[in-house]
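Observations on the model geometry
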Amino acid sequence: MLHHKITCSVLLTAAGLLFSAQTEIRAQSFTYTNCDLVAGFRLIGGASDLVVDLGQVANFESLAPRSVITVSNLEITQLNDALPTLDGVSWSVAAALRGNTNYSDPLQTLWVTSPRPAINTPGKVWVCESEWTLGGTASQIDAIGYDASVYGNGQPAGPDNTATGILIPPSSQHAYSALMGSLGNYDGTFQGPVENTTPSDFDSAGLPSRSVLYKLLPTASGAAKTPGTIIGFFDFTPAGTLTFTAGPPPEQTKVSGISLTGTVATIQFSTINLVGYRLRYTNSSGLSTPVSTWTIGSALIGNGSTLSLQDTNSDPIRFYTVEAYY
Amino acid sequence: MKIIKNLRLGLANAAGLLLVAGASAQSLNIHIAGAVSLQDVTYNTLVQLYGGNLVSENLSNVSKPTAANIFTMTGLMTNLFGSQTVNIYVNWSGSGPAIQSLTGNGTVNFYASAAQGNTNMAAANVDVGGSVVYQSDYPYPTPTLNDSTYGVTPTIFAKSPQVPLSVSNLTSQQLRFIEANGSAPASLFTGNAADTTVIYWIMRDIGAAHRIISADEAGFTGNALGYYYTNGVWHLDTVGRTSWPLIVSMITNYDGPCITFLPPNQAANVNPTNILSFNGYYPFRGSFSTVTNDYSPTINGQYTCWGYEHVMTAPTASPNVIAFAAALEAGVQSNMVTSPFSIPLPRVNVQRSATGGLVTPIN
């Protein structure tokens, strides 16, 4: 956000009053409000951490399932200034509720990413814990945004200190690195490492680095730990973009049955709630072509149960695959 | 230093009222801000620097001037500045605002007048700062300030009267927990699962250096939460209270069970039985006194929650400000010898290189 400062000089002439207005654009330093989702990027041994404010987490929670947005607050210029390479970069996204009265969730509610070892390999499922336990992590998450704003306030605004992104030396007490800790678990306060680290061939391999965003509500005293709720997932790409997709990520689909009744083929498979599934099919000649080129058939939205898709055709041979998509 | 160039005749009416803003030509105005830990010795030193030529002072605490958080003085400091009128403006607003202003990033409000009872405020840049943490503890690294350390002040932890009697100590772990959550079950401190009472954490804003000292000592790096009490209810406090009297009120009254950190001169308001040890030690021997204290545990490294006392000026400070700061520091060092709230540096047998850093013997 830019702050527009308008200065006016007034000239009195014989002809009357003339205004000479000049608009001065003044950049604003990094700002943070509690419950903003904040992304952190760092390279071990790097000169700078990058902290990016993604805006209020409520904006992400309210997206319709399978909506995809590109996080425009992550600027490629800041990413390039902070990180000489995207190989081996550790990143995370999180928010914590610390007294923001616009939210009805309980104090110390967390939104934390869980890294996937590979795009199709599930990561750890974060669990809800007591308010006392989540509080320690909430304090660290809140500090990543707050301290970045404190640091930014003491520095001149500019390309690497904007309202939504800031570079901070990792040696600073206000740095993402200092608050995350060397183990990537919010300085030892969280149940596991939250950072996703891109592989050494990330730049060349072309696959995104994916982390799932969980919402963790404090549990009642003495209550069992329950899995958090998946809000969506982030994909960090070799091009330096970050996208958010609402809802759970698609998983490798397991076909549990196939039958043919007359001309109707029925394919059964397990589903994940809110994930989209569709049939793709081809004939013998297309079998050697990439699945992504096969014809798209019927589709449904998963509900966590075993469901089926049907295809009516009179081909003697037809090959099917079930594709999870968004 | 600021020279008042637009001269206005000094007003002295029959009652002897003096207004700083129009005191005399070429008055020397010096604005002091910083840590409240230094208030008693600094006040006494300023009175000594004026000697018999202190014409007027405007104190926020008339009954106890050494405890005044805001005051303005006017008169002559003949040994330093001859016949030039010297106006001293003081606001113990915390180390943070002082460093922020000295580095050109803001102003501090002061009493505009030395006429007692006039509470009109005027914003000004700080000329001399008192801090109990380093410049690097605040995010204002440039320009590098002139920094002289001359003493040590411990941070003291205290509880309100309604905290269970068995709570007499605070550990680093407990401090990290209660700072992160803003409150904690009493069982965490008593070891008794039946103690389900919630103990609140009350705290100053980040401008108070003792908040930094206590957090760094405990290894707390997060963003702290606290609570404050008003109208019979405890409210979440995401920022911290802006002055020590607000903290002292909650910790000394029967508002509810709460714990906090204090500079020694504020701990003087607490019943000594409600002062907590930290990691098993007190900063002093025996019971805390408002007259004299034996700080041997701090002096010798047994108690480590403390900070250095600094006098800071901007690198662009005028010769007058530098001369004044040197005289102030010398006077404060002298007065500290008898102060119950500070430890002169020559007495201290240990050292550290950063706030919360490792404490090592000097010899």
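Fair warning: this is a prediction, and the values are worked out from it, not measured in the lab.

**Some details on the overall build of chain A**
- Looking only at helices and strands, chain A has 5 helices and 18 strands in total.
- Dimensions of chain A along its principal axes, counting C-alpha atoms only, are 95 × 65 × 40 Å.
- The burial tally for chain A puts 41% of its 326 residues in the buried class.
- Considering only residue pairs separated by 6 or more positions, chain A has 66% of its internal contacts joining residues 24 or more positions apart.

**Focus on the sheet that holds strand S15 (residues 276–282) of chain A**
Residue and element names in this part refer to chain A.
- With antiparallel pairing, 3 strands are arranged side by side in an open sheet as S16-S15-S18. At either margin of the open sheet sits one strand with a lone partner, and together these are strand S16 (295–301) and strand S18 (319–325). The sheet shows a mean angle of 25° between the axes of neighbouring strands, taken without regard to direction.

**Examining the confidence of the model for chain B**
All names here are of chain B.
- With 93% of its residues at a pLDDT of 70 or more, chain B has an overall mean of 91.
- Confidence over residues 1–24 falls short of pLDDT 50; this stretch has 42 contacts with residues more than four positions distant or in other chains.
- Note on the complex model: pTM 0.84, ipTM 0.83.

**So, the sheet that holds strand S10 (residues 156–159) of chain B**
Residue and element names in this part refer to chain B.
- Pairing in this open sheet of 6 strands is mixed, and the strands run S11-S17-S10-S16-S13-S12 from one edge to the other. The strands lining the two open edges of the sheet, one partner per strand, are strand S11 (169–170) and strand S12 (183–185).
- Strand direction decides the pairing type here: strand S13 (residues 198–201) and strand S16 (residues 258–262), joined by 2 bridges, are parallel. Pairing of Trp 201 across the sheet is with Ile 259, part of S16.
- Relative to the sheet, helix H7 (residues 244–252) contacts S10 and S16, its axis offset from that of S16 by approximately 140°.

**Observations regarding the environment of Ser289(B)**
- With respect to the helices and strands, Ser289(B) occurs in the loop between strand S17 (275–278) and helix H9 (296–299).
- Residue classification places Ser289(B) among the exposed residues on the basis of 12 C-beta atoms within 10 Å.

**Observations concerning helix H10 (residues 319–336) of chain B**
Residues and elements named next belong to chain B.
- Between its first and last C-alpha atoms H10 spans 25 Å; for 18 residues at 1.5 Å apiece the expected length is 26 Å, and the two agree.
- Within H10, burial applies to Val 321, Phe 324, Ala 325, Leu 328, Glu 329, Val 332 and Met 336. Projection of H10 onto a plane perpendicular to its axis shows the buried side chains occupying an angular sector of 135°, all on one side.

**What to know about the packing of helix H1 (residues 39–50) of chain B against H10(B)**
Residues and elements named next belong to chain B.
- At their nearest, the axes of H1 and H10 sit 9 Å apart, and the two run at 120° to each other. In terms of orientation, H1 and H10 fall into the oblique class. Judged by the sense of rotation from one axis to the other, the crossing of H1 with H10 is right-handed. Residues Val 41, Thr 42, Asn 44, Thr 45, Gln 48 and Leu 49 of H1 pack against Ala 327, Leu 328, Gly 331, Val 332, Asn 335 and Met 336 of H10.
- Taken together, the residues of the contact of H1 with H10 break down into 6 nonpolar, 6 polar and no charged.

**Focus on the interface of chain A and chain B**
- Counting residues at the interface gives 18 residues for chain A and 13 residues for chain B.
- Going through the elements one at a time, helix H3 (131–153) and helix H4 (176–180) of chain A are the ones with two or more residues in the side of chain A that touches chain B.
- Per element, the largest residue contribution to the side of chain A that touches chain B is 11 residues, and it comes from H3(A).
- A per-class count over the side of chain A that touches chain B returns 7 nonpolar, 8 polar and 3 charged.

**Regarding the domain arrangement of chain A**
- Taken domain by domain, chain A holds domain 1 (36–246) and domain 2 (255–325).
- When each unit is reduced to the centre of its C-alpha atoms, the spacing between domain 1 of chain A and domain 2 of chain A is 36 Å.

**Digging into the pairing of strand S11 (residues 229–236) of chain A**
All names here are of chain A.
- Of all 8 residues that make up S11, 7 are buried, and the element is covered over most of its length.
- Strand direction decides the pairing type here: strand S10 (residues 209–216) and S11, joined by 7 bridges, are antiparallel. For Arg 210, the partnering residue across the bridge sits in S11 and is Asp 235.
- Pairing analysis gives 5 bridges linking S11 to strand S12 (residues 242–246), with the strands arranged antiparallel.

**Focus: unusual backbone geometry**
- A cis amide bond links Thr142(B) to the next residue, Pro143(B), at an omega of -10°.
- Topologically, Pro143(B) is positioned in the loop between strand S8 (128–131) and strand S9 (146–154).
- Here Arg66(A), not a glycine, exhibits a phi torsion of approximately 75°, which is positive.
- Structurally, Arg66(A) can be placed in the loop between helix H1 (57–61) and strand S5 (68–70).
- You will see that Asp187(A), though not glycine, has its phi angle at about 55°, which is positive.
- By secondary structure assignment, the location of Asp187(A) is in the loop between H4 and strand S9 (196–197).
- Overall, Asp187(A) belongs to the buried group, with 22 C-beta atoms counted inside 10 Å.

About the cut-offs
- Note that residues are indexed from 1 along each chain, following the sequence as it is written.
- Here every chain gets a letter starting at A, and every ligand a number starting at 1, in the order they are written.
- Given that the model is predicted, a residue must reach a pLDDT of at least 70 before its local features are reported, and side-chain atom pairs must reach 80 or more before they are shown or counted; all residues, however, enter totals for whole chains, interfaces and linings.
- Strands are runs of DSSP state E lasting at least two residues, helices are runs of H or I lasting at least four, and both sets are numbered from the N terminus onward.
- Three exposure classes are used, based on other C-beta atoms lying within 10 Å of a residue's own C-beta, which is placed from the backbone: buried for 20 or more, exposed for 12 or fewer, and partly exposed in between.
- Residues are defined as contacting one another if the C-beta atoms placed from their backbone atoms lie within 7 Å.
- One requirement defines pairing of two strands: DSSP has to find at least two bridges between them.
- Fitted lines through C-alpha atoms serve as axes, helices being fitted only where they are in contact, and the angles separating the N-to-C directions of these axes extend from 0 to 180 degrees.
- Per-residue confidence from the predictor is given as pLDDT, running between 0 and 100.
- How far a helix is expected to stretch is found by multiplying one less than its residue total by 1.5 Å.
- The directions considered for the arc run from the helix axis to the C-beta atoms.
- Here roughly perpendicular refers to angles of 65 to 115 degrees, roughly parallel to angles under 35, roughly antiparallel to angles over 145, and oblique to all remaining angles.
- Whether a crossing is left-handed or right-handed is set by the direction in which the near helix is turned from the far one by less than a right angle, anticlockwise for left-handed and clockwise for right-handed.
- Each residue receives one of three labels: charged for Asp, Glu, Lys and Arg, nonpolar for Ala, Val, Leu, Ile, Met, Phe, Trp, Tyr, Cys and Pro, and polar for the others, Gly being one of them.
- How far each domain reaches was decided by an automatic or database domain assignment.

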